[in-house]
Amino acid sequence: DQQVKQNSPSLSVQEGRISILNCDYTNSMFDYFLWYKKYPAEGPTFLISISSIKDKNEDGRFTVFLNKSAKHLSLHIVPSQPGDSAVYFCAASPNSKLTFGKGITLSVRP
Amino acid sequence: EAGVTQFPSHSVIEKGQTVTLRCDPISGHDNLYWYRRVMGKEIKFLLHFVKESKQDESGMPNNRFLAERTGGTYSTLKVQPAELEDSGVYFCASSQSPAGGPYTYNEQFFGPGTRLTVL
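Computed from a predicted structure; not experimentally measured.

Basis of the calculations
Here the residue index of a chain counts from 1 through its sequence in written order. To label them, take the chains in the order written and letter them from A, then take the ligands in the order written and number them from 1. For this predicted model, a pLDDT threshold of at least 70 governs which residues receive local features, and a threshold of 80 or more governs which side-chain atom pairs are given and counted, while totals over whole chains, interfaces and linings are taken from all residues. For side-chain calculations, the full set of non-hydrogen atoms in the structure is used, while hydrogens and water are omitted. Any two of the Phe, Tyr and Trp rings considered here, Trp counted by its six-membered ring, make a pair once their centres fall within 6.5 Å; the pair's planes then place it as stacked at under 30 degrees, edge-to-face at over 60, or tilted in between. In this scheme, the term charge over a ring applies when either NZ of a lysine or CZ of an arginine sits within 6 Å of the ring centre and within 35 degrees of the ring normal. The helix and strand labels rest on DSSP assignments: H or I over at least four residues marks a helix, E over at least two residues marks a strand, and numbering proceeds from the N terminus. For the exposure calls, accessible area comes from a 1.4 Å probe over protein chains only, and a residue counts as buried if that area is under 20% of its type's maximum, exposed if over 50%, partly exposed in between. Any pair of N or O atoms that falls within 3.5 Å is considered a polar contact. Within protein, one atom must be able to donate a hydrogen and the other to accept it, and sequence-neighbouring residues count only if both atoms are side-chain atoms. Residue contacts are counted whenever heavy atoms from the two residues lie within 4.5 Å of one another. Simply put, the buried area is the total loss of 1.4 Å probe accessible area from both parts when two parts are fitted together. Charged means Asp, Glu, Lys or Arg here, nonpolar means Ala, Val, Leu, Ile, Met, Phe, Trp, Tyr, Cys or Pro, and polar covers whatever is left, Gly included.

**Q** What should I look at first to understand the packing of aromatic side chains in this one?
**A** To describe a pair of aromatic rings, you give the distance between the ring centres and the angle between the ring planes. Applying the stated criterion across every chain, the model contains 14 aromatic pairs over all chains. Site record: aromatic cluster; members linked through ring pairs are Tyr36(A), Phe46(A), Phe89(A), Phe100(A), Tyr33(B), Tyr35(B), Phe45(B), Phe91(B) and Phe110(B). The ring of Tyr74(B) is capped by Arg22(B), whose NZ or CZ atom sits 3.8 Å from the centre of that ring.

**Q** In this structure, what is going on with the side chain of Ser19(A)? I would like to understand it.
**A** Residues and elements named next belong to chain A. Structurally, the position occupied by Ser 19 is in strand β3 (residues 19-25). Since its relative accessible area comes to 0%, Ser 19 is described here as buried. Side chain to side chain, Ser 19 and Ser 80 meet in a polar contact 2.6 Å long. Sequence-distant contacts of Ser 19, that is, excluding residues within four places in its chain, are made with Leu 11, Val 13, Leu 75, His 76, Ile 77, Ser 80 and Leu 106.

**Q** Would you mind showing me how to read the interface of chain A and chain B here?
**A** One frequent convention defines the size of an interface as the accessible area lost when the parts assemble. Contacts between chain A and chain B engage 22 residues on the former and 24 residues on the latter. Summing both partners gives a buried area of about 1,900 Å² for chain A against chain B, and 62% of it is carried by carbon and sulfur. Its largest share of buried area at the contact with chain B, chain A owes to Ser96(A), Lys97(A) and Phe100(A), together 27% of the area lost on that side. Where chain A packs against chain B, one counts four residue pairs in polar contact (both at pLDDT 80 or more). Of all the elements in the fold, those that place two or more residues in the side of chain A that touches chain B are β4 (32-38) and β5 (45-51) of chain A. Considering every element that reaches the side of chain A that touches chain B, the biggest residue donor is β4(A), with four residues. Its residues placed into classes, the side of chain A that touches chain B shows ten nonpolar, seven polar and five charged.

Right, here's the structure in full:
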């Protein structure tokens, strides 16, 4: 039973355009949400997060939106750069234990 | 500052053998986590240490898996005997205290992982 779902396995966008990565969750106990980025042969690295008491958090080119009523969050990358090409994992937490989605592979075309 | 390190980076063993994975967390991090990613699937939580104590081991698949963190520093994860379905990438992560609370979270820093292949 997957509690965090990333339904699209891959996304391809043109450099300079917006990338929108989506994530859905089912567990109402989740109170903190995160996005991790992973390159091949490396561990996931933290990208951006949001508490469930907020609906938006912005950090440079990265913005995460949270819609609690829909149990949905999204990561916007603007503008997308070729170096953003990686696997992006959505994760959720109550009290530090992380539950991950399957990940989405983002390819940014030059 | 050194990050989380894991050893070995790769391990290939035969079914029935024993393998021990090691994780060295970032110095001063009381929280240490083990996760596993089976090919093409999500990264799954295995267990969480606070110093040398197991805080949460609800993700451990079965009693063939044994995790230890003697002295509250490095941790080992032993699989004995290994089965085919144990193949995957095992990640270790560490974080400062407190690990998290309501609407809060301390970033978990991940190691590069150990790729385990059981033949």
